[in-house]
There are 2 protein chains.
Amino acid sequence: MNEKNTSWIQTVLLSPPNLDDNTADADRLVSALKTCLETDAIDVDMDLLRKLPALLRKWSYQVRGIVFRDRHRWLLTGITAAADNSPATGLAVDLGTTRVVLRLVDLASGCALAESGFDNPQDAVGPDILARIHYSQENGGLEKLNGLIVDGLNRAVTDLCSTAKIDPQDIYALAVAGNTTMTHLFLGLDPRWIIREPYIPAVNKPPLVKAAALGLRVNPLARVLVFPNVGSYFGGDLIAGIFSSEMYKHEETALLVDVGTNAEVVLGNRNWLIACAGAAGPALEGGVTRMGMTAGPGVIDRIAIDPQTRDFDIHAIAEQPPRGICGSGLIDLAAQLYLAGMIDIRGKFRPSDCGGRLKDIDGLAHLVLVSAGQSGSGGELTISQADVDSLIRSKAAMFTILETITLSVGVNLSELKRFYVAGTFGAFIDPRSAVAIGMLPDLPLETYKPLGNSSLAGAALALTMPDSLAEIDRIRDRITYLELNVNQEFMNRFSAAKFLPHTNQALFPSVKAWRT
Amino acid sequence: MNEKNTSWIQTVLLSPPNLDDNTADADRLVSALKTCLETDAIDVDMDLLRKLPALLRKWSYQVRGIVFRDRHRWLLTGITAAADNSPATGLAVDLGTTRVVLRLVDLASGCALAESGFDNPQDAVGPDILARIHYSQENGGLEKLNGLIVDGLNRAVTDLCSTAKIDPQDIYALAVAGNTTMTHLFLGLDPRWIIREPYIPAVNKPPLVKAAALGLRVNPLARVLVFPNVGSYFGGDLIAGIFSSEMYKHEETALLVDVGTNAEVVLGNRNWLIACAGAAGPALEGGVTRMGMTAGPGVIDRIAIDPQTRDFDIHAIAEQPPRGICGSGLIDLAAQLYLAGMIDIRGKFRPSDCGGRLKDIDGLAHLVLVSAGQSGSGGELTISQADVDSLIRSKAAMFTILETITLSVGVNLSELKRFYVAGTFGAFIDPRSAVAIGMLPDLPLETYKPLGNSSLAGAALALTMPDSLAEIDRIRDRITYLELNVNQEFMNRFSAAKFLPHTNQALFPSVKAWRT
């Protein structure tokens, strides 16, 4: 790792010019860097070139060059005195529709120096991609959306640098991973055609851009690597995920799933990669059930139900009184209700087994999770039959997508040796619960690997691997995108998956064992 | 030629995207261009990228791409409708210390569309390189000098485009050839170290720069190719000269000489190139003799003296009454005076043979060329012994430089099969006269080839040859710069050359024949 990392930072001790060696300042430096980097392609910006003669003399030709690798050349993005040991840093950005996360990385060591996040300020214009694309078509809309995210990033960078005691001028490289729409809005590209048939982004592989050209207040020569996309519905955040999982390097076939509004799935190995995306239903995100919310203090993330006593053991984040439930909590709940026999294989509450927890509200069956006295919201926390139905549709959609993509290349789900689960979904769900409801296939539980924020991790990795852009392009080019065809066959599979855990119980032998 | 030229302009008829081929707009275009250009390296600027989706749709994906070749990649600098047949143009610039000359070129055909020139407005600050470099060190001096030349170019471009009925936005490429100092001032690079030992330019090979970044009012994405230099005293104008002469392509060894304040000399062939520069004395430029001036109406450019009658046949430019004499006229005069026996081998007036034309002014011998009644200035036009002495020093310096550079590689001057003479000097001098006074070696007169403005020609060629930048770099890298060592040996050669045509008359057999 270290050997590679050092390539971004090159200490060059030049012989000062003399009458027998009157090579120009820039060419002298470039020539030394070419030797270090074993390349014949290094470009220096005019802005830096203008300062070079004075800087080289000030530092007696003993300098540290900060370089960045473009697709077909290296770029010199800054120089400091050779003796300067203030860190030259890079900024990794996970550019989410809802939330943006930043990580400041020391380019020399690859170490994370600080991390922070903020809610995407474009939310003020519209909560989702569709609303923002529509807004971008209004007069000045694109500029406003672009300004919102750039300003948000600038504020976050200021704070992050202040925390880490880093000068924003010492940020020499950025790597940004986001979905195709967020990437377009960040680059000021019109996203209009992303949502119109045949769904064409302005660009798949964005060029390396100067930070100053994007209005980012870091070193103006810092280069911004923006992750490429495969299409309108398979963005750079997922490429970053594949990159950070390293599944593209391994001989064995692995599967990566990232669940948000869409379920995005990648299947493959070092030889091939196939990807698809489909609506997994919104049940897994906050906002679906009336009390659904994203993880945070007081949010129920784990539930156990004693199959004998049917007592609920409810855990809320930060040990706060419960005030809602998040996706992983919901999955746990459904799994536990099913394993305890409180819902049937269709997900319907079984009144005989729910006992006093079941009540009718406005003609719809509700199960009380937390009484008003114990909740953090002042009211009862309940889950309705409709909520459970919605979850079951989501889990069925997810399983159907997994089946479809594996079948498309003749791989059986049971053959998978690694199953990466990205994002907060991956970080919080209990794979056993997801298997119990038939959302994920019945694989040995150690097969499931949470990836965490793989988009951010991929971006950070791009900053510490000198050949990253080429590697990322290669990953992107190797992906075959499978258009999910919602045909009869798909619908049949979906219908079969709408049971707990599945119509074909033989697919889930473990669940049968857990129930008894 | 045509096959090569077409490469800058690529007509690409793309299949519009559909559900089965959802490649993004930019990538669709780039992919087609890659096929046309047989390259895997094409970059598109963000500014152009932002406009692409709308433009491609407006033109139904039938477009003409204008590309430019950087060192390690191609760049897309503009697109138009495929059916658009307005010329995509380039601008070649000879960036002289005194005069700047522009040529507008059709990038598709390579044809010149218009040409113009203007006096370098930096002259207001200082007439020569030294004065301007000193001025650049004052507060705001560099910015002022840079602004003067950029503004001058912008005014000239506006006029030139208006004459040629071209929109300046249709200028997609520029090639600029100038000496090292002019190049620095044009790029806004500090020229401070050029004149200070060990004479180090800021850069030898300037990067390709966007026109907008230099403040040039042409297409903002137009790229500016600035010719590289070999050092502080061997600039891009000379590299452009070598490039346009094609001497670097031939098997036979040729010599190229460019005379201004300095005599700059290149010797070589397809295998090697050696260059040097030395003060050739100012006698060959305007301003030396009291009546010396650069070529223009009324300036004597040719003189013949009847050896029998010693009648003067004087030709002034544009058939105007004579008011001064230029370098080529002076050389003609000295040659004719010598061949007619009116000056001796030391260049001294022979009173017995000058007759009534010789007169004493302030104790110094003067020869009357034109009487007051026939001159365009109202006074007599005369040339003094001091003027002739000065010319002889200049011609001796020139010949010594030619001898020194050829001797340094063991080539005899008499072996040269081609002798290129660049600039106005080359355009106006009569080689027979230059040989007669021993300024140029006694080669068959057809060996001498005037190159005209080879700096401009080289710049124009760079715009019409797609691989020009690489070719120009190769030329630059192949040049060995010979530092002229003014040692005893050089001084001995110089002393021997201070006679007409030379101490060693055997070197000039033709001159002996011409005198009889």
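Above this text is the structure in question.
Residues numbered from 1 in each chain as written. Chains lettered and ligands numbered in written order. Predicted model: local features only at pLDDT ≥ 70, side-chain atom pairs only at ≥ 80, totals over all residues. Heavy atoms only, no water.

S.K.: I tried to follow the overall build of chain A on my own but got confused; where do I start?
M.R.: The secondary structure content of chain A amounts to 16 helices and 22 strands. By principal-axis analysis of the C-alpha atoms, chain A measures approximately 100 × 50 × 45 Å. Residues classed as buried in chain A amount to 59% of the 516 residues present. Considering only contacts in chain A between residues 6 or more positions apart, those separated by 24 or more positions represent 65%. Within the structure as shown, chain A displays about 19,900 Å² of accessible surface, and the carbon and sulfur contribution to it stands at 50%. (Helix = DSSP H or I, 4+ residues; strand = E, 2+ residues; numbered from the N terminus. Buried < 20%, exposed > 50% of the residue type's maximum accessible area, 1.4 Å probe, protein only. Contact = heavy atoms within 4.5 Å. Areas by Shrake-Rupley, 256 points an atom, 1.4 Å probe, with all protein chains shown as cover.)

S.K.: So what exactly am I meant to see when it comes to the relation of the copies chain B and chain A here?
M.R.: Relating one copy of the chain to the other takes a rotation about an axis and a shift parallel to that axis. When chain B is fitted to chain A, the residual RMSD is 0.1 Å, and the transformation amounts to a turn of 180° plus an axial shift of 0.0 Å. Both copies of the chain, as the preceding transformation shows, are related through a two-fold rotation axis. Using C-alpha coordinates, one finds that chain B approaches the rotation axis most closely at histidine 72 of chain B, a distance of 3.0 Å. Interface overlap between copies: 100% of the residues of chain B at the interface are likewise at the interface in chain A, consistent with a symmetric, same-surface contact. (Least-squares fit on C-alpha atoms with pLDDT ≥ 70 in both.)

S.K.: How should the packing of helix α10 (residues 385-408) of chain B against helix α15 (residues 488-496) of chain B be read in this particular structure?
M.R.: Between two packed helices, what matters for the description is the angle formed by their axes and the separation of those axes. Residues and elements named next belong to chain B. Running from N to C, α10 and α15 point in directions that differ by 130°, and their axes come no closer than 8 Å. On the basis of the axis angle, α10 is oblique to α15. α15 is crossed by α10, and the crossing has right-handed handedness. Where α10 abuts α15, its residues Arg393, Ala396, Ala397, Thr400, Ile401, Glu403, Thr404 and Leu407 lie against Phe490, Arg493 and Phe494. In terms of residue class, the contact of α10 with α15 is built from six nonpolar, two polar and three charged. (Axes fitted to C-alpha atoms, helices over the stretch in contact; angles between N-to-C directions. Parallel < 35°, antiparallel > 145°, perpendicular 65-115°, else oblique. Left-handed = near helix turned anticlockwise from the far one by under 90°. Nonpolar A, V, L, I, M, F, W, Y, C, P; charged D, E, K, R; others polar.)

S.K.: Can you walk me through the sheet that holds strand β13 (residues 273-279) of chain B in this structure?
M.R.: Paired through backbone hydrogen bonds, the strands of a sheet run either parallel or antiparallel to each other. Residue and element names in this part refer to chain B. The strand order across the open sheet built from six strands is β21-β20-β11-β12-β13-β22, with neighbouring strands paired in mixed fashion. Edge positions in the sheet fall to β21 (448-452) and β22 (479-481), since each has one partner strand and no second. Here the strands of the sheet are splayed against their neighbours by 25° on average, with no regard to which way each runs. Pairing of strand β11 (residues 254-259) with strand β12 (residues 262-268), which is carried by six bridges, proceeds in the antiparallel orientation. In the strand pairing of β12, valine 259 is matched with alanine 263. Packed onto the sheet, helix α7 (residues 236-245) meets β11, β12, β13, β20 (418-422), β21 and β22 and runs at close to 140° relative to β11. Against the sheet, helix α14 (residues 468-478) contacts β13 and β22, and its axis sits at roughly 35° relative to β22. (Pairing = 2+ DSSP bridges.)

S.K.: Looking at this structure, I do not really get the packing of aromatic side chains. What am I missing?
M.R.: Given two aromatic rings, their pairing is described by the distance between the two centres and the angle made by the two planes. Under the criterion given, the structure shown has 16 aromatic pairs over all chains. Relative to tyrosine 448 of chain B, the ring of phenylalanine 419 of chain B has its centre 4.8 Å away and its plane inclined at 55°; by these criteria the two rings are tilted. Placement of the pair is phenylalanine 419 of chain B in strand β20 and tyrosine 448 of chain B in strand β21, with a sequence separation of 29 residues. Classification of phenylalanine 419 of chain B by relative accessible area gives buried; the value is 0%. A relative accessible area of 7% places tyrosine 448 of chain B in the buried class. An aromatic cluster of three or more residues is present, and its members are Trp8, Phe68 and Trp74 of chain A. When the ring centre of tyrosine 338 of chain B is taken as reference, the NZ or CZ atom of arginine 515 of chain B above it lies at 4.2 Å. (Phe/Tyr/Trp six-rings, centres within 6.5 Å; stacked < 30°, edge-to-face > 60°. Lys NZ or Arg CZ within 6 Å of the ring centre and 35° of its normal.)

S.K.: Help me understand unusual backbone geometry in this model?
M.R.: The bulk of non-glycine residues show a negative phi, and the bulk of peptide bonds are trans. Omega for the peptide link from leucine 500 of chain A to proline 501 of chain A comes to -15°, which places this bond in the cis form. Within the secondary structure layout, proline 501 of chain A lies in the loop between α15 (488-497) and α16 (509-515). Unusually for a residue other than glycine, glutamate 38 of chain B sits at a positive phi of about 50°. Mapping glutamate 38 of chain B onto the fold places it in the loop between α2 (25-37) and β2 (42-44).

S.K.: Quick question: what am I supposed to make of the environment of alanine 54 of chain A here?
M.R.: All names here are of chain A. Among the secondary structure elements, alanine 54 is positioned in helix α3 (residues 46-58). On the basis of relative accessible area, alanine 54 is assigned to the exposed category, the value being 53%. Taking C-alpha positions, alanine 54 is 9.6 Å from aspartate 25, a pair spaced 29 residues apart along the chain.

S.K.: Explanation requested: α15 of chain B in the structure shown.
M.R.: The α-helix winds at 3.6 residues per turn, so residues separated by three or four positions along the chain end up facing the same way. Within α15 of chain B, burial applies to Phe490, Arg493 and Phe494 of chain B. Take α15 of chain B and look down its axis: the buried residues cluster within an arc of 100°, on one side only. (Arc of directions from axis to C-beta.)

S.K.: Looking at this structure, how should I read the pattern of salt bridges?
M.R.: If the charged atoms of two oppositely charged side chains come close together, the side chains can form a pair. Here the structure, examined in full by the defined rule, presents 49 salt bridges over all chains. The partner of arginine 73 of chain A in a salt bridge is aspartate 43 of chain A, and the shortest N-O contact between them spans 2.8 Å. Linking arginine 73 of chain A in the loop between β3 (62-69) and β4 (74-81) with aspartate 43 of chain A in strand β2 (residues 42-44), this pair joins segments that are 30 residues apart in sequence. Residue aspartate 43 of chain A is classed as buried on the basis of its relative accessible area, which comes to 10%. Glutamate 471 of chain B is the salt-bridge partner of arginine 474 of chain B, the closest N and O atoms lying 2.6 Å from each other. Remark: glutamate 471 of chain B and arginine 474 of chain B occur in helix α14; sequence separation between them is three residues, near one turn of the helix. (Salt bridge = Lys/Arg side-chain N within 4 Å of Asp/Glu carboxyl O.)

S.K.: Looking at this structure, I do not really get the nonpolar core. What am I missing?
M.R.: Grouped burial of nonpolar side chains is what soluble globular proteins tend to show. In this structure, Leu102, Phe186 and Leu216 of chain A are the most contacted members of the largest nonpolar core, which totals 64 residues. Residues within four places of leucine 216 of chain A in sequence aside, it is in contact with Val150, Leu153, Asn154, Leu174, Phe186, Ala211 and Val224 of chain A. (Core = buried A, V, L, I, M, F, W, Y, C linked by side-chain atoms within 4.5 Å.)

S.K.: I'm lost on the interface of chain B and chain A in this one. Help?
M.R.: How big an interface is tends to be stated in terms of accessible area lost as the parts join. Taken together, the 40 residues of chain B in the interface contact 40 residues of chain A. Between chain B and chain A the total buried area reaches about 3,500 Å² when both faces are included, carbon and sulfur atoms providing 61% of it. Connecting chain B to chain A are zero salt bridges. One can count 14 residue pairs in polar contact (both at pLDDT 80 or more) joining chain B with chain A. Listed by contribution, the elements that provide at least two residues to the side of chain B that touches chain A are α2, β2 and α3 (46-58) of chain B. When residues in the side of chain B that touches chain A are grouped by element, the largest group, five residues, is from α3 of chain B. Here the residues of the side of chain B that touches chain A are counted per class, giving 23 nonpolar, six polar and eleven charged. (Buried area = accessible area lost by both parts, 1.4 Å probe. Polar contact = N/O pair within 3.5 Å; in protein donor to acceptor, adjacent residues only side chain to side chain.)

S.K.: I tried to follow the sheet that holds strand β7 (residues 112-119) of chain A on my own but got confused; where do I start?
M.R.: Residue and element names in this part refer to chain A. Spatial strand order, β7-β6-β5-β8-β10-β9: six strands in an open sheet with mixed pairing. The outermost strands of the open sheet, each flanked by one partner alone, are β7 and β9 (209-210). Against the sheet, helix α5 (residues 141-164) contacts β5 (89-95), β6 (99-106), β7 and β8 (171-178), and its axis sits at roughly 145° relative to β7. Sheet strands touched by helix α13 (residues 454-464): β5, β6, β7, β8 and β10 (223-226). Its angle to β5, the strand with the most contacts, is close to 155°.

S.K.: Sorry if this is basic, but what is going on with the state of the cysteines here?
M.R.: The bond known as a disulfide is covalent and runs between the sulfur atoms of two cysteines. Applying the stated rule across the entire model yields zero disulfides over all chains. In this structure cysteine 161 of chain A is not part of a disulfide, and its nearest cysteine sulfur, from cysteine 111 of chain A, lies 17 Å away. (Disulfide = S-S within 2.5 Å.)

S.K.: What am I meant to see in the packing of helix α4 (residues 129-136) of chain B against helix α5 (residues 141-164) of chain B here?
M.R.: All names here are of chain B. With their axes 7 Å apart at the nearest point, α4 and α5 run at an angle of 130° to one another. Looking at the two axes, α4 sits oblique to α5. Facing α4, whose interface residues are Arg132, Tyr135 and Ser136, α5 presents Gly141, Leu142, Lys144 and Leu145.

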